[in-house]
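# Reading the structure
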Amino acid sequence: MNRRVYLDHNASTPVHPEVLEAMLPYFTERFGNPSSIHGFGREAREGLDTARERVASFLRVGKEEVVFTSGGTESDNMAIKGVAAARGRGHLITSAVEHHAVLRTCETLGKQGFDLTVLPVDGYGMVSPDDVRRAIRPDTILVTIMHANSEVGTIQPVGEIGRITRERGVAFHVDGVQTFGKLPLDLEALNIDLLSFSGHKIYGPKGVAGLYIRKGTKMASVQHGGEHERRRRAGTENVPGAVGLGKAVEVRARDMVEEETRVRVLRDRLWTGLSARVPEVRLNGHPTERLPGTCNLCFRHIESESIVLGLDLKGIGVSAGSACTAGSVEPSHVLVAMGVPLDWAMGTVRCSLGRSTTAEDIDYVLDSVEPLAGKLRSLSPVKA
Amino acid sequence: MRYSETLIEHFRHPRNAGMMRDPDGVGESEYAECMDLARVFLRVREGRIEDARFQTYGCGPTIAASSAATELIRGAALADVLELADAQVTAAVGGLPPDRAHAAQVVTAAIRAAARDAVARYETTSPEGE
């Protein structure tokens with residue numbers, strides 16, 4: 001009766017027990033400031049260094065190319081504003097389906113004198129590399145395209161885009177928050193110059209993330225103060241957080257392939273079951289080039305929040321695709337960019353699976369959704 | 001939970017949902033910003049609401065408000081239902097968060113529209129009154 005099923009892993013994940021265990025000493029015994037030269041400081045510094053090495057080795061990059069930040073949003077801001085500040089002016093290219101941390105940062109720079117091109121996407125939410133090629137101008141300073149979309153899970157052709165940016169000598173930033181630790185990433189092969197990644201999407205703690213900055217990338221600091229992080233990000237480092245992120249990465253390197261394979265099967269079980277049992281439901285995002293755990297669904301003629309609430313009462317946590325805030329509803333900018341019709345987009349629900357998800361969970365969700373969708377539709381005056 | 005127990009109870013088990021055959025009054029209201037839509041059917045006997053039904057598209061609070069409001073007006077005088085206030089419907093679901101105030105507004109407007117329709121139909125079919 002009190003079953004609880006968490007299907008919102010793209011929003012956040014629980015801290016892995018091994019991660020928590022690794023972090024705990026850094027709150028109490030090894031609490032020093034890593035900038036201090038005494039023994040207490042050195043202990044904290046060691047923890048920070050080990051964490052950085054783990055991240056660098058996972059990404060197969062130099063540890064001096066990894067900067068710790070407070071979150072994916074900060075990493076995105078640092079990357080985009082850092083390149084913009086170093087260049088002073090120029091042209092930025094992004095896409096219509098980026099996370100707001102990227103989109104609004106670019107828009108802000110657009111108001112401050114930078115030129116901005118926001119590329120469209122196709123019906124799967126995918127950016128065309130040809131569009132990127134055509135959009136690049138002599139004054140283009142940065143292309144920023146996410147690796148996978150947090151809402152619909154579509155994986156962008158970053159390899160092809162990276163080839164183009166490399167060829168044209170333009171810096172390439174990738175918001176990899178949703179793929180880091182979920183999919184193999186070869187930054188060298190993908191020609192990525194800047195990569196944002198985060199801890200709490202991969203069973204690490206909240207409040208810690210990072211930015212990979214390829215050596216030689218022209219960047220200016222956007223946060224000033226002390227000499228931390230090779231003067232790229234001032235402020236005492238979040239040592240327990242960084243240790244947690246490092247451990248989370250180590251655990252993912254070990255478990256990632258097996259877990260993601262298992263999750264992909266469950267994700268497809270969810271969609272297959274739903275499409276067989278619930279009429280007028282559609283799957284958003286790319287059918288194959290999609291995050292293993294993401295299943296973004298539209299229930300036609302049902303309002304997102306009523307499904308989320310109905311499932312919440314069953315102990316199931318999913319997220320609404322269209323947010324109703326302050327009395328007005330805004331369909332997701334991602335679905336709008338993909339051209340999803342409004343009567344579908346209003347009923348969007350995202351299920352994102354993770355390491356704790358079981359086949360029984362999926363069956364429980366299916367058993368709960370079917371009558372709920374039927375009930376909500378029976379109440380509705382809106383019919384096809 | 002950000003919603004009252006009463007609201008959740010109405011959402012879980014909506015009362016008076018569905019259409020009505022040959023209603024005495026029908027009213028509809030839309031809250032465009034949210035695309036919420038409520039339709040209310042009334043059966044009136046001797047100046048009182050004998051039965052009320054609804055069909056609603058909207059978020060959980062709007063569905064709950066439809067259920068609670070149709071329950072609230074059963075047995076009420078048509079004259080009073082013409083004057084139904086948002087606050088009465090809000091109270092009937094045990095209160096609403098400020099960003100869901102429209103749930104009561106859209107349902108109240110649909111009920112008042114249905115009541116006005118019932119009055120209009122009555123006046124059309126009985127030109128001399130009673």
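A brief look at the structure comes next. (Residues numbered from 1 in each chain as written. Chains lettered and ligands numbered in written order. Predicted model: local features only at pLDDT ≥ 70, side-chain atom pairs only at ≥ 80, totals over all residues. Heavy atoms only, no water.)

The next thing to look at is the overall build of chain B. Scanning chain B from N- to C-terminus turns up 5 helices and 3 strands. In chain B, the succession of α and β elements from N to C terminus is α-β-β-β-α-α-α-α. Here chain B has a C-alpha radius of gyration of 14 Å; the compact-globule value for 130 residues is 14 Å, and the two agree. A principal-axis box enclosing the C-alpha atoms of chain B has dimensions of 55 × 25 × 25 Å. Put simply, chain B has 130 residues, and 50% of those count as buried. Of the contacts formed within chain B by residues at least 6 apart in sequence, a portion of 61% connects residues at least 24 apart. Total accessible area on chain B is roughly 6,100 Å²; 48% of this is exposed by carbon and sulfur atoms. A gap of 6 Å separates the mean positions of the 14 positive and 20 negative side-chain charges of chain B. (Helix = DSSP H or I, 4+ residues; strand = E, 2+ residues; numbered from the N terminus. Rg over C-alpha atoms; globule rule 2.2 N^0.38 Å. Buried < 20%, exposed > 50% of the residue type's maximum accessible area, 1.4 Å probe, protein only. Contact = heavy atoms within 4.5 Å. Areas by Shrake-Rupley, 256 points an atom, 1.4 Å probe, with all protein chains shown as cover. Lys, Arg positive; Asp, Glu negative; His and termini not counted. Charge placed at Lys NZ, Arg CZ, Asp CG, Glu CD.)

Linking two cysteines covalently through their sulfur atoms gives a disulfide. Going through the model one piece at a time under the given rule, you end up with 0 disulfides over all chains. In this model C351(A) remains outside any disulfide bridge; the closest cysteine sulfur is found in C295(A), 5.7 Å from its own. (Disulfide = S-S within 2.5 Å.)

Here we take up the sheet that holds strand β1 (residues 25-31) of chain B. All names here are of chain B. If you trace the 3 strands from one edge of the open sheet to the other, you get β1-β2-β3, paired in antiparallel fashion. Edge positions in the sheet fall to β1 and β3 (48-57), since each of these pairs with one other strand and no more. Averaged over all adjacent pairs, the angle separating strand axes in this sheet is 20°, with direction ignored. Here strand β2 (residues 36-45) pairs with β3 via 9 bridges, running antiparallel. If you follow L37 over to β3, its bridge partner there is Y57. Against the sheet, helix α2 (residues 60-73) touches β2 and β3, its axis set at about 175° to β3. (Pairing = 2+ DSSP bridges. Axes fitted to C-alpha atoms, helices over the stretch in contact; angles between N-to-C directions.)

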